[in-house]
Amino acid sequence: MFEDFRLKVFMSVAESGSFTAAARTLGVSQPAVSQNISALEKELGVQLFRRSKGEVSLTGEGTAFREYAGRILYWYSVTGDMFGLEGRLSPGRVVRIAADPVAAAYLVPPALSVLSAAHPEISFNICPLSGTKGRQPDESGVPGTHFGTPEDAEVEITVSPSPETMDFEGEEKLVGVMDAVVVASPLNRSVVGAAVSDRDTRLTPKPFSTVAGIPVSNRFAVWEGYRRFFTPDLVARTCLVSSSVEAVKNIVAESVCILGIVPAMSVMNEIASGRLLQMPVQLPDYAYDIHFNPLPEFAGKTICQLLRKSLRDKLLTI
């Protein structure tokens, strides 16, 4: 097992090109630096440095090991931040996440899968927010100012309609956008020719590009979060509004004449497998902003920063 200090000695010598300079930087004696490097080379079974009068340089093996050593030291640092003393996160502690139901079902789990694989010592508890908490504007009516306050969780992940303008607090808490997509079943022959494919580009001609242009024989099943955005033509053609995204997806998948309007993050697997087809319909007015709202005492922890980054990275793949 490589020791933290031995790796620090190696990196210091590699960066300074001198055992003496490394000793000065680390606050130890020059013989101590030499002994640690020799012990590391013996453990690895390779020569890491070429020695010459007054200076040293990395061998080929040393150059390769430097990349690994840097990564190991980085994770030592991250682990220290997460599991050290002074009130930091301890192994076995549960990180509680309260999230909008759609985010809790389709965004948070895949984001946590990567984080959990890297840090199996951490446990997560996802609790869907009930009702419409986080979706309604606050009493001030100012866009981007209402994100809820975590009460029984380290962090809240909420959604709200994307505002035309956003204040500083809104930009600070924003982690991404939950776009809307229109989907259809492969059984729906009236629109199957217009489905988005891997070969499509922005210049690929399609039979329609707006909801109004979809053949009138089709009706819509819509996630209830989009009800506030309904236009008169969509109201007239809607046959189902449901709080369950899964219900909307299942109905659409079995129908020859019903299209669904659902959050993009909820149908990525179905689109990839071909169970549902994505229609070339742009719905920018149906977008929701996703907000990351941690407790102040949790915000400064490394695990909080990694969680936020994992959510951002996952949204970029949708």
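Residues numbered from 1 in each chain as written. Predicted model: local features only at pLDDT ≥ 70, side-chain atom pairs only at ≥ 80, totals over all residues. Heavy atoms only, no water.

*Asks:* In this structure, what is going on with the side chain of R6? I would like to understand it.
*Replies:* Counting through the fold element by element, R6 comes out in helix 1 (residues 4-16). Polar side-chain contacts of R6 include one of 3.2 Å to the side chain of E43. Excluding its chain neighbours within four sequence positions, the residues that come into contact with R6 are N36, A39, L40 and E43. (Helix = DSSP H or I, 4+ residues; strand = E, 2+ residues; numbered from the N terminus. Polar contact = N/O pair within 3.5 Å; in protein donor to acceptor, adjacent residues only side chain to side chain. Contact = heavy atoms within 4.5 Å.)

*Asks:* Is there a simple way to think about the packing of helix 6 (residues 108-118) against helix 12 (residues 302-316) in this case?
*Replies:* To describe two helices that pack against each other, one gives the angle between their axes and the distance between the axes. Running from amino to carboxyl end, helix 6 crosses helix 12 at an angle of 125°, the nearest separation of the two axes being 9 Å. As the angle between them shows, helix 6 and helix 12 are arranged oblique. Here the hand of the crossing between helix 6 and helix 12 comes out right-handed. Note on element contacts: helix 12 touches helix 6 through I303, L306, L307, S310, L311 and K314, opposite V108, P110, A111, L112 and L115. (Axes fitted to C-alpha atoms, helices over the stretch in contact; angles between N-to-C directions. Parallel < 35°, antiparallel > 145°, perpendicular 65-115°, else oblique. Left-handed = near helix turned anticlockwise from the far one by under 90°.)

*Asks:* Sorry if this is basic, but what is going on with the sheet that holds strand 10 (residues 258-263) here?
*Replies:* Sheet strands associate in pairs through backbone hydrogen bonding, adopting either a parallel or an antiparallel arrangement. With mixed pairing, the 5 strands of this open sheet are ordered in space as 9-8-10-7-11. This sheet does not close on itself; its edge strands, each paired only once, are strand 9 (238-242) and strand 11 (277-278). In terms of strand pairing, strand 7 (residues 180-184) meets strand 10 through 4 bridges, oriented antiparallel. The residue bridging A180 from the neighbouring strand is P263, located in strand 10. On top of the sheet, helix 9 (residues 245-253) reaches strand 7, strand 8 (219-223), strand 9 and strand 10; it is set at about 150° to strand 10, its chief contact. (Pairing = 2+ DSSP bridges.)

*Asks:* It is not clear to me how the nonpolar core should be interpreted in this structure. Could you clarify?
*Replies:* Where a protein is soluble and globular, its nonpolar side chains tend to be buried together. Judged by nonpolar contacts, the single largest core of 64 residues is most densely connected at I97 and Y226. Leaving out residues up to four positions away in the same chain, I97 has contacts with V108, L112, F124, N125, I126, C127, A153, V155, I157 and L307. Core analysis: the second largest hydrophobic core is formed by 19 residues, V9, V56, F65 and A69 among them. (Core = buried A, V, L, I, M, F, W, Y, C linked by side-chain atoms within 4.5 Å. Buried < 20%, exposed > 50% of the residue type's maximum accessible area, 1.4 Å probe, protein only.)

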